[in-house]
Amino acid sequence: MTRATGVITGMSVSHRQADVREIESAAATDQHAVVDCLLEEEAVTEAFALQTCNRVEAYVVTDSADAGRAVLEEYAAEIPDSVIEWLDHEASLRHLMRVAAGLESLVIGEDQIIGQVRDAFEDARTAGGVGPVLESAITKAIHVGERARSETAINDGVVSVGSAAVELAAAEHDIDGATATVIGAGEMATLSAKALDARTDVDQLFVVNRTVEHAERVLDSVSVDGDSLDMSDLEQAVTTADIVISATGTTEPVVDSALLADAGETIVLDLARPRDVPERVGQLSGVTRYDLDALKSVTEETRAQRRDAALEVEQLIEKAFEELLTQYKRKRADEVISAMYEGAERHKAAELQKAFAKLDLDEGEREVVESMADAIVNKLLAPPTSSLRDAAEDDDWSTINTALRLFDPSLEGETPPIEEFVTDAPGSETDREIVQDRFDD
C-alpha cells in the first residue's frame, strides 16, 4: 500500500530575510541534487526543492515533525539560522500556495514563479521525491497560482524582476535614446528585453549569449532595433551601452571591472544568482550598479498598488488550504479503513476455509455461511469506521496513526507485540486489554 501519511517540514531562505549574498551561499548546485541528498536520509519518504534568483527552499515528508526538522537542520548546518524561515506541516502548505501565487515574490504577483514551481515539481518527480503527500500539496499550490492570475489583478503592471529593473533604471536615470545590452537568453533575460522594448526611451538593443541562435530568439520577441551577438562581442556590447542587464546562469562573473573601466556613464543591473557583476564594479567612475537587493523600492511600490488583489488571493489560499487539509484527513482515514477491511477479509477467508473443511455443505449452504460472515465483519467494523472518520475530521492524528499501524496489511503472517502500538497511545489499562484480546483472538 502507498501511504498517504506523513507530515511536511520546510525551510526557506528568501529575499524576505536574506540578501543576495546569503541566498547565493544557501543554494546548492541544482534542485535535483537537493532532492537526491534529502532522499538519502532514512527518515525521508518524499522531498522537494525550489531554487530561484531570490529564494532557496527545501521540503521533506517524514513520519514526524521532529524527524523532518532534524533532517533539514543537518542539511542546512552551514546556513545561518537567522536567515532561515522554518515551516511546519500547515505552514508549508500555506507557504507553497503563497509562493506559487506570487505573494512571496520580490515582485508581488510576478508570473515567472509559477513556471519555476512547475519545473521544480518535475525535477523532484524525476528524482523520485514526489509521493502522495507532496503530490497533493504542490498540485494544489500550482492550481491556486493559476487561479490567482486568472481571477484577480495580482499580476497587472510590473510582473517580473526584469520589468522591475527597467522601472528602477527609468526612475533613477534619464534613459531617453538609450542603447541597452542584455546578457543571457533565458526567461529572465527575455523578460528584461521585453520590458526595455515596452519603453519608447530605448533606441537600440543588443542581446549577447554564448549561443547566438538563442540570442536571436530573444531579439525576435521584441520590436526595438538591435543585434544578436556571441560572447566574443561582449566588450563591444557593454562599452557602447548606456544600460546593461545581465541575467545568465553561469557560476562565474560575466562583467568585471576591466570590461567597464573605460565605458563611461553606464547603468548596470545584475539580475543573476550567482551574481554576474561583482560589487566592486559599482566603485568605477560613471558606473551605477544595481542588484536584486536594490529592487526593493520598486517592488514595495508594486506591493502597495496590488494590496486589494493580494487580499483576494489570500482568500483563495485560505479556502484552498482548508480543502487540502480535508483532503489529507480523508486520505488518512480511508487508508486506515481500507487496511482494516483488508485485514478483516483475510481473517474471514481463513476462518471460512477452516469451517468449510470441517462441514459438508452444498453450494447454497456455503453461500449462506459466507453471507453471514460478511454481515458479521461489516457490523463489527462499522463503529470503528465511523470513529476513524470522526478522528480525521477532529485532527486526532494519534488515533489515526495508531490505527494505521494496528491494521497495516503489511503485517500479514506475523502478529506484532501489542506494546508496539499502545506504548505511545493514550488510553486506560482496560483499553490495552481490549486491544490485546483482539490480537489474541
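Residues numbered from 1 in each chain as written. Predicted model: local features only at pLDDT ≥ 70, side-chain atom pairs only at ≥ 80, totals over all residues. Heavy atoms only, no water.

A. Quick peek at empty space enclosed by the protein. Summed over all chains, the structure comprises two cavities of 30 Å³ or more. Every residue lining the largest cavity is listed: His 15, Ala 18, Asp 19, Val 20, Ile 23, Cys 53, Asn 54, Leu 106, Leu 292, Asp 293 and Lys 296. Of the residues assigned to the lining of the largest cavity, the class counts are six nonpolar, two polar and three charged. Domain assignment of the residues forming the lining of the largest cavity places at least three in each of domain 1 (7-151) and domain 2 (161-297). Of the volumes computed, that of the second largest cavity is approximately 40 Å³. Taken together, Met 11, Ala 26, Val 34, Ala 49, Gln 51, Val 56, Glu 57, Ala 58 and Tyr 75 make up the lining of the second largest cavity. When residues of the lining of the second largest cavity are assigned to their parent elements, the largest contribution, three residues, is made by strand β3 (residues 55-62). Looking at the lining of the second largest cavity, its residues break down into seven nonpolar, one polar and one charged. (1 Å grid on protein atoms, 1.4 Å probe; cavity = no way out; pocket = protein on both sides within 12 Å on 5 of 7 lines; lining within 4 Å. Points joined across faces, edges and corners; volume = space filled by probe spheres on them. Nonpolar A, V, L, I, M, F, W, Y, C, P; charged D, E, K, R; others polar. Domains from an automatic or database assignment. Helix = DSSP H or I, 4+ residues; strand = E, 2+ residues; numbered from the N terminus.)

B. Representation of the side chain of Asp 291 in the model. Along the chain, the position of Asp 291 falls in the loop between β10 (287-290) and α12 (296-305). Judged by relative accessible area, which is 11%, Asp 291 ranks as buried. For Asp 291, the side chain forms a polar contact with the side chain of Arg 289, separated by 3.5 Å. Not counting chain neighbours up to four residues away, the residues in contact with Asp 291 comprise Val 20 and Asp 270. (Buried < 20%, exposed > 50% of the residue type's maximum accessible area, 1.4 Å probe, protein only. Polar contact = N/O pair within 3.5 Å; in protein donor to acceptor, adjacent residues only side chain to side chain. Contact = heavy atoms within 4.5 Å.)

C. Main features of the environment of Leu 38. Here Leu 38 lies in helix α2 (residues 31-39). Taking relative accessible area as the criterion, Leu 38 reaches 1% and is therefore assigned buried. Taking the C-alpha atoms as reference, Leu 38 lies 7.7 Å from Tyr 75; in sequence the two are 37 residues apart. If near-sequence neighbours (up to four positions away) are discounted, Leu 38 is found in contact with Val 44, Ala 47, Ala 58, Tyr 59, Val 60, Val 71, Leu 72 and Tyr 75.

D. Structural view of the nonpolar core. Ile 8, Val 13 and Phe 48 are the most contacted members of the largest nonpolar core, which has 59 residues in total. No other element matches the nine residues that helix α13 (residues 307-358) contributes to this core. With residues near it in sequence (within four places) discarded, Ile 8 still touches Tyr 59, Val 60, Val 61, Leu 87, Asp 88, His 89, Ser 92, Leu 93, Val 133, Leu 134, Ala 137 and Tyr 328. Leu 168, Ile 267, Leu 269 and Tyr 290 belong to the second-largest nonpolar core, a separate cluster that totals 37 residues. (Core = buried A, V, L, I, M, F, W, Y, C linked by side-chain atoms within 4.5 Å.)

E. Fine view of the UniProt feature "binding site: NADP(+)" (unreviewed entry) in the chain. Mapped onto this structure's residue numbering, the UniProt feature "binding site: NADP(+)" (unreviewed entry) falls at Gly 184, Ala 185, Gly 186, Glu 187, Met 188 and Ala 189. Put simply, the named residues that line the second largest pocket are Gly 186, Glu 187 and Met 188. Structurally, the position occupied by Met 188 is in helix α8 (residues 187-197). Residue classification places Met 188 among the buried positions, given a relative accessible area of 9%. In this view, Met 188 contacts Cys 53, Gln 112, Val 161, Gly 162, Ala 247 and Leu 271; residues no more than four positions away in its chain are not counted. (UniProt positions renumbered as here; feature names shortened; annotations may be inferred.)

F. Structural context of helix α14 (residues 363-393). When the terminal C-alpha atoms of α14 are compared, their 44 Å separation across 31 residues agrees well with the 45 Å that a helix rising 1.5 Å per residue should span. Ala 382 marks the point of greatest bend in α14, at about 35°, and the proline Pro 383 comes within the next four residues. If you check which residues of α14 are buried, you get Ala 373, Val 377, Leu 381, Thr 385, Leu 388, Ala 391 and Ala 392. Two to three positions downstream of the cap, the backbone nitrogen of Gly 364 sits 3.1 Å from a side-chain oxygen, assigning the N-cap of α14 to Asp 362. Just beyond α14, the residue with positive phi is Asp 395, at close to 60°. (Expected span 1.5 Å × (residues − 1). Bend = angle between axes of the 7 residues up to and from the residue.)

G. Examining the packing of aromatic side chains more closely. Tallied over the full model, the rule gives one aromatic pair. Both rings, one in Phe 48 and one in Tyr 59, keep their centres 5.9 Å apart while their planes meet at 35°; by these two values the pair is tilted. Here the residue Phe 48 occupies a position in strand β2 (residues 46-52), and Tyr 59 occupies one in strand β3, the gap between them amounting to 11 residues. On the basis of relative accessible area, Phe 48 is assigned to the buried category, the value being 0%. Judged by its relative accessible area of 0%, Tyr 59 falls in the buried class. (Phe/Tyr/Trp six-rings, centres within 6.5 Å; stacked < 30°, edge-to-face > 60°.)

H. Quick peek at the sheet that holds strand β9 (residues 266-270). One open sheet holds the six strands; their spatial order is β7-β6-β5-β8-β9-β10, and the pairing between them is parallel. Either end of the sheet is taken by a strand with one partner, and the two such strands are β7 (226-229) and β10. Across the sheet, the axes of successive neighbouring strands diverge by a mean angle of 15°, strand direction being ignored. In the sheet, strand β6 (residues 202-208) pairs with β7 via four bridges, with the strands oriented parallel. Its bridge partner lying in β7, Val 208 is registered against Leu 229. Across the sheet, α8 lies against β5 (178-183), β6 and β8 (243-246), angled at about 170° from β5, the strand it touches most. Docked against the sheet, helix α9 (residues 212-220) engages β6 and β7, running at close to 155° with respect to β7. (Pairing = 2+ DSSP bridges. Axes fitted to C-alpha atoms, helices over the stretch in contact; angles between N-to-C directions.)

I. Layout of the packing of α2 against helix α5 (residues 112-126). Interaxial distance between α2 and α5 falls to 9 Å at its minimum, and their mutual angle equals 45°. Classed by the angle they form, the pair α2 and α5 counts as oblique. Here α2 and α5 pass one another in a crossing that is right-handed. Facing Gln 31, His 32 and Val 35 of α2, the residues of α5 in contact are Asp 119, Ala 120, Asp 123, Ala 124 and Thr 126. When grouped by side-chain class, the residues that make up the contact of α2 with α5 number three nonpolar, three polar and two charged. (Parallel < 35°, antiparallel > 145°, perpendicular 65-115°, else oblique. Left-handed = near helix turned anticlockwise from the far one by under 90°.)

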